[in-house]
Amino acid sequence: MDKVRVRFAPSPTGPLHIGGVRTALYNYLFARQHGGEFVFRIEDTDSNRFVPGAEEYIIESFKWLGIKFDEGVSFGGEYGPYRQSERKEIYKVYVDQLLRDGLAYVAFDTPEKLEAKRKEIPNFQYDATTRLSMDNSLVIGGEETARRIANGDKYVVRIKIEPGEDIVVNDIIRGEVHINSSIIDDKVLYKSADNLPTYHLANIVDDHMMHITHVIRGEEWLPSAPLHVLLYKYLGWSDTMPRFAHLPLLLKPDGNGKLSKRDGDRLGFPVFPLEWHDPKTGDVSSGYRESGYLPEAVINFLALLGWNPGTEQEIMSLDELVSLFRLERCSKSGAKFDFEKGKWFNHQYLQMADNRRIAEEMMKDITANGVVTDMAKVEQVVGFMKSRVSFIKELWPLCSFFWIAPTSYDEKAIQKRWKEETPRIMHELYDVMAAWDNYDDIEGSEAHVKAWCEQKGYPLGNVMNPFRLMLVGELKGPHMFEVTAVLGKEETLRRMETAFAALPK
Ligand code: GLU
């Protein structure tokens, strides 16, 4: 078999949708596991839909996610240029070849003429049944066509589809898909107005010239596949035609239909990898990165939307995915976008992540709140608290008490836990804590205080709850002696003193 070469070929028409990220991921996994190559191509032949910044956005997204390309726009390679707008001359050669071979023709129909036809004929399609009633080279002949082109008349080149032919798309995921050519229209392949091919022609020419062996893309491109198979045939490239694999759609988390940006807005989750600032409207759309997702969690989550390893295993690193992924195991039916599962993955990956990495991120929130502290302490707090969160940004509100001493105390907690004898017991505890020095030793501290409680005959709850109230201000937080370990002796005693002054005597 030829060396596997796959490509991700977005059109820079806006931010990359999360479905596109999944397509790129599956291509990447497939390339890596076959020791193949992954090409990044920009399909920008539709200049009307070009959005500035989109290309840079896409590149940055993959950088963040750790999906690497071997060649393409911004990466170089021997089959460039990889931006279709820079390949005009290349396509023109094949447009001319198709015209010469009588497999395509020149059409001059104005938008008005096409509109009138659509009104006249229900479900109008430009094809074998209608083309002879239109304004094209098949009707007016070669000489007149040449004259009008020389005259500067605007034209398009359309593929000439023979009706009644059985076209077979051999899809790795879907098997053989048969389509009758009669339902396909004579698609436009080239427009003289901008001297550019349309998506269909450029896509096929580039896949051929870049030696692409497998076309792995979203299900929305399946309807175009029969035309692409025909184009390979018309261009004489059937023997080296890539294998197709059309991935299942991503569906709404609730109900039916394709996942859209509106679902994300409605249910509160991002549909883009990075935050996107629309250059025209100024609208800002949320991104996975800015929402606090770890890239490896996003990868793992997306990998399982439309594929599974055939076991119960859910947590898989990128390297594991490379070895476990099988294109044949992708599902045909759409994958529900379960964003709660995405949060679950983030929680799992936070638990596996290095505390230092999380601490560095959390430090930004700490600094933003005007607190100065050292990284070692933040790292320690992360270790104690990360099991309670799914996102790093949830840590600061949950942990601020480690740095900011309480200035008030929860009323309900006081009523419930601050009994008549409590001040006396807490003063005794103060002496115990003042005589103790091994605050860093969490188990030791606990054993020490517990032994004292036992000796005194104090029920543990009558000691620990008011102690917590004094240090935290309410009855929440991690293990009591994790709190004292982080606060240290000086701060623990200081908070107790403050509490004695503020709480009922
Ligand atoms: N330019 C197309 C897109 O935006 C590429 C489709 C394909 O992969 O053939 O997705």
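Owing to the predicted nature of the structure, the values given are computational and were not obtained by experimental measurement.

Cut-offs used in this document
Residues numbered from 1 in each chain as written. Predicted model: local features only at pLDDT ≥ 70, side-chain atom pairs only at ≥ 80, totals over all residues. Heavy atoms only, no water. Helix = DSSP H or I, 4+ residues; strand = E, 2+ residues; numbered from the N terminus. Rg over C-alpha atoms; globule rule 2.2 N^0.38 Å. Buried < 20%, exposed > 50% of the residue type's maximum accessible area, 1.4 Å probe, protein only. Contact = heavy atoms within 4.5 Å. Areas by Shrake-Rupley, 256 points an atom, 1.4 Å probe, with all protein chains shown as cover. Lys, Arg positive; Asp, Glu negative; His and termini not counted. Charge placed at Lys NZ, Arg CZ, Asp CG, Glu CD. Near = heavy atom within 4 Å. Polar contact = N/O pair within 3.5 Å; in protein donor to acceptor, adjacent residues only side chain to side chain. Nonpolar A, V, L, I, M, F, W, Y, C, P; charged D, E, K, R; others polar. Pairing = 2+ DSSP bridges. Right-handed = clockwise from strand over helix to strand, strands pointing away. Axes fitted to C-alpha atoms, helices over the stretch in contact; angles between N-to-C directions. Expected span 1.5 Å × (residues − 1). Bend = angle between axes of the 7 residues up to and from the residue. Phe/Tyr/Trp six-rings, centres within 6.5 Å; stacked < 30°, edge-to-face > 60°. Lys NZ or Arg CZ within 6 Å of the ring centre and 35° of its normal. UniProt positions renumbered as here; feature names shortened; annotations may be inferred.

Draft legend 1. Spotlight on the overall build of the protein. Assigned secondary structure in the protein consists of 19 helices and 15 strands. The C-alpha radius of gyration computed for the protein amounts to 33 Å, which surpasses the reference 23 Å derived for 505 residues by more than 25%, pointing to a less compact arrangement than a globule. Projected onto its principal axes, the C-alpha positions of the protein cover 110 × 45 × 40 Å. Relative to its full complement of 505 residues, the protein shows a buried share of 50%. Pairs at least 24 apart in sequence give 72% of the contacts found in the protein among residues at least 6 apart. Only carbon and sulfur atoms are counted for the fraction: they give 50% of the accessible area of the protein, which is about 23,500 Å². Here the protein holds 63 positive side-chain charges and 76 negative ones, and the gap between their average locations is 3 Å.

Draft legend 2. Local environment of the site of the ligand. Surrounding the ligand, one finds Arg7, Ala9, Pro10, Ser11, Glu43, Tyr199, Asn203, Arg217 and Trp221. Arg7 is positioned such that a nitrogen or oxygen atom in its side chain is 2.7 Å from an oxygen atom of the ligand. Residue Arg217 places a side-chain N or O atom 2.8 Å away from an oxygen atom belonging to the ligand. For the ligand, the accessible surface in isolation is 290 Å², of which the surrounding protein chains cover 84%. Along the lines of polarity and charge, the residues of the shell around the ligand split into 4 nonpolar, 2 polar and 3 charged.

Draft legend 3. Quick look at the pairing of strand β1 (residues 5-8). Of the two faces of β1, the one carrying Arg5 and Arg7 and the one carrying Val6 and Phe8 are both buried. Of the strand pairs in this sheet, β1 and strand β2 (residues 37-40) are connected by 4 bridges, and their pairing is parallel. Bridged to Arg7 within β2 is Val39. Taking the sense of rotation as the criterion, the β-α-β connection linking β1, helix α1 (residues 18-33) and β2 turns out right-handed.

Draft legend 4. Seen up close, the sheet that holds strand β8 (residues 188-191). Pairing in this open sheet of 4 strands is antiparallel, and the strands run β4-β5-β8-β9 from one edge to the other. Whereas interior strands pair on both sides, the edge strands pair on one side only; in this sheet they are β4 (104-107) and β9 (196-197). Pairing geometry for strand β5 (residues 156-159) and β8, over 3 bridges, is antiparallel. The partner of Val157 across the bridge, within β8, is Tyr190. Taken strand by strand, helix α3 (residues 88-100) contacts β4, β5, β8 and β9, and its axis lies near 105° from that of β4.

Draft legend 5. Structural view of helix α19 (residues 480-502). With 23 residues, α19 should cover 33 Å at 1.5 Å per step; its first-to-last C-alpha distance of 21 Å lies more than 12% under that length. Of all the bends found along α19, the most pronounced is centred on Gly488 and spans about 110°.

Draft legend 6. Inspection of helix α12 (residues 355-368) at higher detail. With 14 residues, α12 should cover 20 Å at 1.5 Å per step; its first-to-last C-alpha distance of 20 Å lies within 8% of that length. If you look at α12, its biggest bend is around 25°, right at Glu361. Turning to α12, its buried residues number three or more, namely Ile358, Ala359, Met362, Met363 and Ile366. Those residues of α12 hidden inside the fold are in contact with α11 (339-352), α13 (375-385) and α14 (395-399). Gly370 lies just past α12 and shows a positive phi near 75°.

Draft legend 7. Fine view of unusual backbone geometry. The step from Gly80 to Pro81 runs through a cis peptide bond, and the omega angle for that step is 0°. Considering the arrangement of structural elements, one finds Pro81 in the loop between β3 (71-72) and α3. Of note, the phi angle at Asn195 is positive, near 55°, even though the residue is not glycine.

Draft legend 8. View of the packing of aromatic side chains. The tally for this structure, following the rule as stated, stands at 29 aromatic pairs. Through successive ring pairs, a cluster of aromatic residues spans Phe8, Tyr28, Phe38, Phe40, Phe62, Phe69 and Phe75. When the ring centre of Phe108 is taken as reference, the NZ or CZ atom of Arg148 above it lies at 4.2 Å. The ring centre of Trp344 lies 4.4 Å from the NZ or CZ of Lys341, which sits over that ring.

Draft legend 9. How the structure looks around the UniProt feature "binding site: ATP" (unreviewed entry) in the protein. Cross-referencing UniProt, the feature "binding site: ATP" (unreviewed entry) maps to Lys261 in the present numbering. Of note, Lys261 is situated in helix α8 (residues 261-267). Exposure remark for Lys261: the relative accessible area of 33% places this residue in the partly exposed category. Residues within four places of Lys261 in sequence aside, it is in contact with Val271, Phe272 and Ser285.

Draft legend 10. Highlighting the pairing of strand β11 (residues 243-247). Among the 5 residues in β11, 4 count as buried, and that is most of the element. Read as a crossover between parallel neighbours, the route from strand β10 (residues 214-218) over helix α7 (residues 225-234) to β11 is right-handed.

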